[in-house]
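Coordinate inspection notes
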Amino acid sequence: MKNIILSMMIIFLLFFGCTNQEQTEEQQDKMNVIVTIMPQAEFVESVGGDKVDVVVLVPPGASPHTYEPTPSQLTQVSEANLYFKMGSGIEFENAWMDDIEGVNPSLKIVDCSKNIELIEMNGEEHEEEHEEHEHSHGGLDPHIWNSPKNVKIIVENTYQALAADDPENAAYYRSNADNYKAQLDTLDSSIEDSLENKKNRMFIVFHPAWGYFAHDYDLEQVAIEEAGKEPTAQNIQHIIDEANEHDIRVIFASPQFSTDSANTIAGEINGSVVLINPLDKNYLENMQNIVDAFDTSLE
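Below you will find a few notes about this structure. Keep in mind that what you see is a predicted model, and the values were worked out from it rather than measured.

1. Structural notes on the pairing of strand 5 (residues 202-205)
Burial along strand 5 is two-sided: M202 and I204 facing one way and F203 and V205 facing the other are all buried. Where strand 5 meets strand 6 (residues 220-223), 4 bridges bridge the pair, whose relative direction is parallel. Within strand 6, the residue paired with M202 across the bridge is E220. Read as a crossover between parallel neighbours, the route from strand 5 over helix 8 (residues 211-216) to strand 6 is right-handed.

In structure tokens:
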């Protein structure tokens, strides 16, 4: 499949490369930036402002665990200056990074997870700070962006890369980064205030995307999904028993995945399924909405 996509990409380059000549002068002045997932678009645009033009490879509704880039996206990669990879072990990056670098050998790769402590999928901290993770992480949780505390580090990494590539506008990027980090501090405080007095700190979710969120705010995430696969009947019964024991009546699910198992469990506990999106572009607004959902569901 990869060979077919790369062959189609070459055709795109040969027949449509001339479109670069039709770009406006304003577009040509902007830095062409690639990111992997939608939340990164807000991070980079908040720092880069009107100096960047951001392309997201994994589109809304798609899963970074399974998505394959289109030929037109690879053409955009071939024209980009920077690629802000999440760097935490997202399967899309593990599968496609070599091809992306092959399409554009001069592309500068920025690791957004630099200086973030990765945790195990069960919530335990990795013993060393993250530096480079080019291959599969096994049990490490890649969903680092679902923590405002981590996003502050991601934003700082973003500033450092933009300022290094465009030092003339470093002060502009610094101001933007500081402003966005202040908004993240406000969000962080709001989350702590909303959740600090909750007695039941366990929540059930289909896909375990909220490990860093749970780690930061002293919650316990219970995942329905097993190693990326649908749960067995035995595991479903275990989740039902956990929900009844802890009086949990809300099952969280993500729009990128099937809700069948979540609906089954919710039906057995006389509960409901609530969708929370770990990949929404409007990060600050989305995270506040998710906090409100947790605030309502946790006692």
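2. With respect to the pattern of salt bridges
Under the criterion given, the structure shown has 11 salt bridges. Close ionic contact of D185 with K152 constitutes a salt bridge, the shortest N to O distance being 2.9 Å. With a gap of 33 residues between them, D185 in helix 7 (residues 170-195) and K152 in helix 6 (residues 148-165) connect regions that are remote in the sequence. A salt bridge links R249 to D247, with the shortest nitrogen-to-oxygen separation between them at 3.5 Å. Judged by relative accessible area, D247 falls into the partly exposed class, the value being 40%.

3. Thoughts on the side chain of N146
Looking at where N146 falls in the secondary structure, it is placed in the loop between strand 4 (108-111) and helix 6. A polar contact is formed between the side chain of N146 and the backbone oxygen of A209, at a distance of 2.9 Å. In contact with N146, not counting residues within four places along its chain, are A209, W210, Y212, F213, P278, Y283 and M287.

4. Notes on the sheet that holds strand 6
Taken together, the 4 strands give an open sheet; going across it, the order is 6-5-7-8, and neighbouring strands pair in parallel fashion. The strands lining the two open edges of the sheet, one partner per strand, are strand 6 and strand 8 (272-275). Between one strand axis and the next, the sheet turns by 40° as a mean value, whatever way the strands run. Strand direction decides the pairing type here: strand 5 and strand 7 (residues 250-253), joined by 2 bridges, are parallel. The residue of strand 7 that forms the bridge with I204 is I251.

Conventions adopted
Residues numbered from 1 in each chain as written. Predicted model: local features only at pLDDT ≥ 70, side-chain atom pairs only at ≥ 80, totals over all residues. Heavy atoms only, no water. Buried < 20%, exposed > 50% of the residue type's maximum accessible area, 1.4 Å probe, protein only. Helix = DSSP H or I, 4+ residues; strand = E, 2+ residues; numbered from the N terminus. Pairing = 2+ DSSP bridges. Right-handed = clockwise from strand over helix to strand, strands pointing away. Salt bridge = Lys/Arg side-chain N within 4 Å of Asp/Glu carboxyl O. Polar contact = N/O pair within 3.5 Å; in protein donor to acceptor, adjacent residues only side chain to side chain. Contact = heavy atoms within 4.5 Å. Axes fitted to C-alpha atoms, helices over the stretch in contact; angles between N-to-C directions.

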